[in-house]
Amino acid sequence: MEELSTLSEVKSLILLKTGIRTITPADCKRISIEISKTLNKNVSETTIKRLFGFAVVKHNFSKFTLTTLSEYVNREESERWTLASGTGAPEGSTKWDDIRANAKRITEYTLKSVRNRSGIPYEMTISRKFAEHDLNDFFKSSFSFTCFISQPGYGKTILMSHLVEKFFTTKDATYQDSSALFLTVNNFYNQEQQSMTFEEQMKVQLKMNHKESLLEYIQNNYALTGRKFVIFLDGFSELIIKKDMKKQLFESITNFICAIENIDCIKLVMSMRSTTWMRFFDCIRHSAFLKSKWFPGNYFSQSDVSNVPPLTGKEVDMIISKVNPNEFNELSTKLKSQLKFPLYIQLYYQLKEEDPYFINATSITFHELISRFIQEKIYRSNYYTEKILFLKKVIQLTDYGKKEDTVPKNLLIAELSAFKNAYMELLSEGILMEEKSQDDYQPKEYVRFIYPHIFEYFLFIELLEKFHLQVDWHFFQHIQQTYENNNTRFHLLQWIIRFIIKIGDFKSLNHVFELQLDYFERNYLMLFIAENLRFRTRGNPDTLKLLTAQNLHETLTRQLINFDFVDSCYKDAVAVLAEITEGDEYKIIYQSILTVIDILSLNVERIAERLEIIQGISADDWPVKPYDVAILIYNKLTDRVQSHELLTSIRNSDFSFLDNNGPIDTKKGISYLMILLLNIFYGDDRGSILIIDKIARQQPGLFYTRCAFTIFICNILALSRSKAMPGKKTDQMERILVQMHRDKQRYKLTEYSASILKLMQANQLRLRGEFLLAYEYANDCIQIFKRNDLNLNCLWAYDIIIAIFKDLRDQGKVNEYKYEKICFMEDRDIPQKGLM
């Protein structure tokens, strides 16, 4: 008995040292070579095969073999290994101090194993607060056993490790006087001696004489000292044994729980996957007594078969601050929600290790992590072909996601029979799960994907195959029509975009912007495209050449004329695209938009930095050179006097430089916007009206379209008229624009246009004497502009509020908001000269 236990421990230590999880005969040669290199001693490949059961064992292992193996795994107590060739454990009574010392040794070894195998550096992991509360409640209760239950990837092993350290092994441990025995089932369970009871297995581990009773020792010690004995049992998911043997193991554990029914000083803490727990629970389901001794924890969910909740937002922040302290605040909300599952934190850590500069604002990291998860759990696993075929069938039975995402299990009978092993792995690895429901008093079983994003990935793959890998307009149209008014549509579009960029077929991205998308979706997908392109260029510099060859920048710049400065995705997309552009033709477009954003922020330092960038970029074919406008505004903010022909034109209301009858494009749109900005600093609202009238004469067809730029210019015109030329015509414009804003089906307003319109309405309400509503509108605008660093717009809103209280002759409020405006400018280092 002792011999078999020792050999089992030898094997576990060798696998731990070599980093092998599932050994094959081919690994035995590698282990033999490693031993020879390390110790300059020879243990043959055949001997290693005998040790691991790949060759027939005709005699006991020699003392030399056991001693050599002990040296290889750095065990000083080599004499313990030689017991395997002797008569077993020494006879005689065992002392409690010896039992406790052995429990401590085993626990430290298990903790070391957990640290070495942690998916991220162990010091970056954290202790779970909910688990601490659960263990504390369980320790003080009369319950005999508890189990941390969840789907794979929730970090149960790390959770157990932290509990053992915090409560039992560290200097400041809560219950350091009590004893903890932390075991993994692989090291603990002896297949060759499966007839041994749970207590007998532990006695072997603790080097106790087989004739003595461990339970009596623990009880006697508790009577004298009041110290308890807590057994932590982990690693059920790594135990590869036949179903009937696993059932015997569960029965052995069940018998042990029965044996300690009246012994409050012995506690058993386990961790299992949901599927494993369901099988274990089947062994105790019909015993009211056993169920009464189970502490389910404070977070047990019957529907999810889990009592381990995902990481809280605070816990995610704590881990990410250790993994990635410099970019802690740059993670998207969607990514943070995904990182609530510890498995994805491990994958995220690997991604950051490969590319430390990987930063994103959209869900590109989210998709990379999902892809890696699927590669690891399916494409690089056993039975991967069968798994894929099974998942394809599940997708088909959901009618490609148009029906419910659950599938009646009885519809999968043929696949369950053909792909039984693949299906069991899909359950154990956390891809699929089974559910039971009552329907007309008849229980029905269903199968579904655990995570919606895994379902969406395989739905995308299945749709792609259905269209023979052709990502053309018909494919996009099918997605748009089939999944209209369904969140699945937007997620599928992201998987499609990722696929297109990965294969380098950039021309197909044109179809994305031919779909009926609102501006949030359009801006988000544009940023998603930009970040994927940047990610690919780091791994493959030739991607930049492909961008130019397939003229993708032309497609993307056409989408930027909506000027949605309130949407952070728009601004981030422009910034990323500017990074991955080589030629001046498109670089000046991206940098000019960023210049406008900097000007709206009134941040002098940012404007100065942008001037250095755009100064060297050619803009000879532009109606107005962006650098000329930016330097004039910079000089105004820094109180420098400068003469320029553009300033002369503004003072004389001569805008002949805008004469150009060509069609409107992003380049012209930026030029028009820059002239309007220049007029704000050097002219007045009447000048803005004249500029827009000039644009209307040069582009007569522009104001007969429903495009975003037209509505944006109309909102600017309405605001300028409201401040400079209020009257019936302005009121009429207001009514038309408000109606357009309400008719979201026909007119797609950007958030920035909507905020400009709301600012115009605030001034119109003031003029009509509706001061309370006018104040609310203006104050709402201030909050929007502050959030998006649109400080120039924010000052306009302050001016309207000050004007409201002037009309009300409330000098106290006038002074209050004047002071608030000054403080706002000082907090943001906005120069007051030229703006007050």
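Source: prediction; values computed, not measured. (Residues numbered from 1 in each chain as written. Predicted model: local features only at pLDDT ≥ 70, side-chain atom pairs only at ≥ 80, totals over all residues. Heavy atoms only, no water.)

**With respect to the sheet that holds strand β1 (residues 145–150)**
Remark on secondary structure: sheet strands pair via backbone hydrogen bonds, oriented parallel or antiparallel. To be explicit about the condition: DSSP calls a pair of strands paired once it identifies at least 2 bridges connecting them. The secondary structure listing takes helices from DSSP runs of H or I that are at least 4 residues long and strands from runs of E that are at least 2 residues long, numbered from the N terminus. Residues are treated as being in contact if the distance between any of their heavy atoms lies within 4.5 Å. Simply put, an axis is a line fit to the C-alpha atoms, just over the touching stretch for a helix, and the angle between two N-to-C directions goes from 0 to 180 degrees.
The 5 strands are arranged β2-β3-β4-β1-β5 in an open sheet whose pairing can be described as parallel. One side of each edge strand has no neighbouring strand; the edge strands of this open sheet are β2 (179–184) and β5 (294–295). As judged from the 2 bridges shared by β1 and β5, these two strands associate in the parallel manner. Bridging from a neighbouring strand, F145 pairs with W294 of β5. Packed onto the sheet, helix α6 (residues 96–117) meets β2 and β3 (229–234) and runs at close to 45° relative to β2.

**A word on the packing of helix α7 (residues 129–140) against helix α8 (residues 156–169)**
We apply this condition: The labels follow the angle: roughly parallel below 35 degrees, roughly antiparallel above 145, roughly perpendicular from 65 to 115, and oblique for the rest. By convention the crossing between two helices is left-handed if the near helix lies anticlockwise of the far one by an angle smaller than a right angle, and right-handed if it lies clockwise.
Where α7 meets α8, the closest approach of the two axes is 10 Å, and the angle between their N-to-C directions is 60°. With respect to α8, the axis of α7 lies oblique. In terms of crossing hand, the pair formed by α7 and α8 is right-handed. Residues F130, A131, E132, L135, N136 and F139 of α7 pack against L159, L163, K166, F167 and F168 of α8.

**A short note on helix α26 (residues 542–549)**
Using the following cut-off: Burial classes: relative accessible area under 20% of the type maximum marks a residue as buried, over 50% as exposed, and values in between as partly exposed (1.4 Å probe, protein chains only). Directions are taken from the helix axis to each C-beta atom, and the arc is the one they span.
For α26, the complete set of buried residues consists of T543, L544 and L547. One face of α26 carries all of its buried residues, which in axial projection span an arc of 105°. Away from the buried face of α26 by more than 90 degrees, exposed residues K545, T548 and A549 are located. Elements in contact with the buried residues of α26: α25 (519–539) and α27 (552–558).

**A short note on the environment of S653**
Along the chain, S653 falls in the loop between α32 (645–651) and α33 (666–682). Exposure remark for S653: the relative accessible area of 39% places this residue in the partly exposed category. Sequence separation between S653 and I691 is 38 residues, and the spatial gap between their C-alpha atoms is 8.1 Å.

**Things to note about the state of the cysteines**
Here is the idea: a disulfide is a covalent bond, and it sits between the sulfur atoms of two cysteines. Basically, it comes down to this: Disulfide: a pair of cysteine sulfur atoms within 2.5 Å of each other.
Applying the stated criterion to the full structure yields 0 disulfides. Free cysteine C283: the closest other cysteine sulfur is in C258, separated by 11 Å. By relative accessible area, which is 29% here, C283 ends up partly exposed.

**Details of the nonpolar core**
Let me state the cut-off plainly: Buried residues of nine kinds, namely Ala, Val, Leu, Ile, Met, Phe, Trp, Tyr and Cys, make up a nonpolar core once their side-chain atoms join them within 4.5 Å.
Core analysis: the biggest nonpolar cluster contains 215 residues, and F232 and F565 have the highest contact counts within it. Take this core: its biggest share by element is 11 residues, from helix α39 (residues 791–807). Not counting the four nearest positions on each side in its chain, F232 is found in contact with L135, M160, L163, V164, F168, A180, L181, F182, L183 and V269. In terms of nonpolar packing, the next biggest core, distinct from the first, is built from 41 residues, L206, F280, F281 and I284 among them.

**What to know about the pattern of salt bridges**
We count it as follows: A pairing counts as a salt bridge when a side-chain nitrogen of Lys or Arg comes within 4 Å of a carboxyl oxygen of Asp or Glu.
Taken as a whole and assessed by the stated rule, the structure comprises 30 salt bridges. Its salt-bridge partner being R534, residue E579 comes within 3.2 Å of it at the nearest N-O pair. Placement of the pair is E579 in helix α28 (residues 568–579) and R534 in helix α25, with a sequence separation of 45 residues. Here E816 makes a salt bridge to K813, at a shortest N to O gap of 3.4 Å. Placement of the pair is E816 and K813 together in helix α40 (residues 811–827), with a separation of 3 residues, close to one helical turn. A relative accessible area of 37% means that E816 is categorised as partly exposed. Each of D598, R606, R610 and D789 takes part in a single network of salt bridges with overlapping partners.

**Side note on the packing of α28 against helix α29 (residues 584–601)**
Convention followed: Three classes are used: nonpolar for Ala, Val, Leu, Ile, Met, Phe, Trp, Tyr, Cys and Pro, charged for Asp, Glu, Lys and Arg, and polar for all others, with Gly counted as polar.
Between α28 and α29, whose axes approach to 9 Å, the crossing angle comes to 140°. Compared by their axis directions, α28 and α29 come out oblique. Considering the relative orientation of α28 and α29, their crossing is left-handed. Contact with α28, carried on its side by Y570, K571, V574, A575, L577 and A578, involves Y590, Q591, I593, L594 and I597 of α29 and no other residues of that element. Looking at the contact of α28 with α29, its residues break down into 9 nonpolar, 1 polar and 1 charged.

**Examining the pairing of strand β4 (residues 266–273)**
Taking burial as the measure, the 8 residues of β4 include 8 buried ones, the bulk of the element. Relative to β4, β1 runs parallel, the two being bridged by 6 bridges. Within β4, the position partnered with C147 by the bridge is M270. With 5 bridges joining them, β3 and β4 adopt parallel strand pairing. When the sheet's bridge partners are listed, V230 is paired in β4 with K267.

**Looking at a negative patch on the surface**
How we decide: Exposure above 30% relative accessible area and the absence of a salt bridge qualify a residue for a patch, where like charges join within 9 Å and nonpolar side chains (Val, Leu, Ile, Met, Phe, Trp, Tyr) within 5 Å. Here the accessible surface of atoms and residues is derived via Shrake-Rupley with a 1.4 Å probe, and residues count as covered only by protein chains that are part of the display. Positive: Lys, Arg. Negative: Asp, Glu. His and the chain ends are not part of the count. Lys charges are placed at NZ, Arg charges at CZ, Asp charges at CG and Glu charges at CD.
A contiguous patch of negative charge, built from E605, E609, E612, E826, D827 and D829, is present on the exposed surface. Residue contributions to the negative patch peak at 3 residues, all from helix α30 (residues 604–615). Its location among the elements puts E612 in helix α30.

**Considerations on the environment of L795**
Structurally, L795 can be placed in helix α39. Along the sequence, L795 and A630 sit 165 residues apart, while their C-alpha atoms lie 19 Å from each other.

**A short note on the side chain of T666**
Rules: Two N or O atoms count as a polar contact when they lie within 3.5 Å, although within protein this holds only if one can serve as hydrogen donor and the other as acceptor, and sequence-adjacent residues are included solely when both atoms are side-chain atoms.
Summarising the element assignment, T666 is placed in helix α33. Look at T666 and you get buried, because its relative accessible area is 6%. A polar contact of 2.5 Å, which involves the side chain of T666, links it to the backbone oxygen of T557. Residues in contact with T666, not counting those within four places in the same chain, are T557, R558, L560, I561 and I589.

**Here we look at unusual backbone geometry**
At F563, a position not held by glycine, the phi torsion is positive, near 50°. Here F563 lies in the loop between α27 and α28. Positive phi, close to 60°, is recorded for D639, a residue that is not glycine.

**Structural notes on the packing of aromatic side chains**
To be explicit about the condition: Whether two aromatic rings pair depends on their centres lying within 6.5 Å, for rings of Phe, Tyr and Trp, where Trp uses its six-membered ring; planes under 30 degrees apart make the pair stacked, over 60 edge-to-face, and the rest tilted. For a lysine, the NZ atom is tested; for an arginine, the CZ atom; a charge sits over a ring if that atom is within 6 Å of the ring centre and within 35 degrees of the ring normal.
Considering all chains together, one arrives at 46 aromatic pairs under this definition. Ring centres 6.3 Å apart and planes at 45° place the aromatic pair F236 and F250 in the tilted group. Taken together, the residues F236 in the loop between β3 and α12 (243–259) and F250 in helix α12 connect sequence positions 14 residues apart. Ring geometry for W277 and F280: centres 5.5 Å apart, planes at 40°, overall tilted. Here the residue W277 and the residue F280 both occupy positions in helix α13 (residues 274–284), the gap between them amounting to 3 residues, near one helical turn. What makes W277 buried here is its relative accessible area of 2%. You can call F280 buried: its relative accessible area is 0%. Ring pairing ties together the aromatic residues F145, F236, F250, W277, F280, F281, W294 and F300, which thus form one cluster. Note that K636 overlies the ring of Y682, its terminal NZ or CZ placed 5.2 Å from the centroid.

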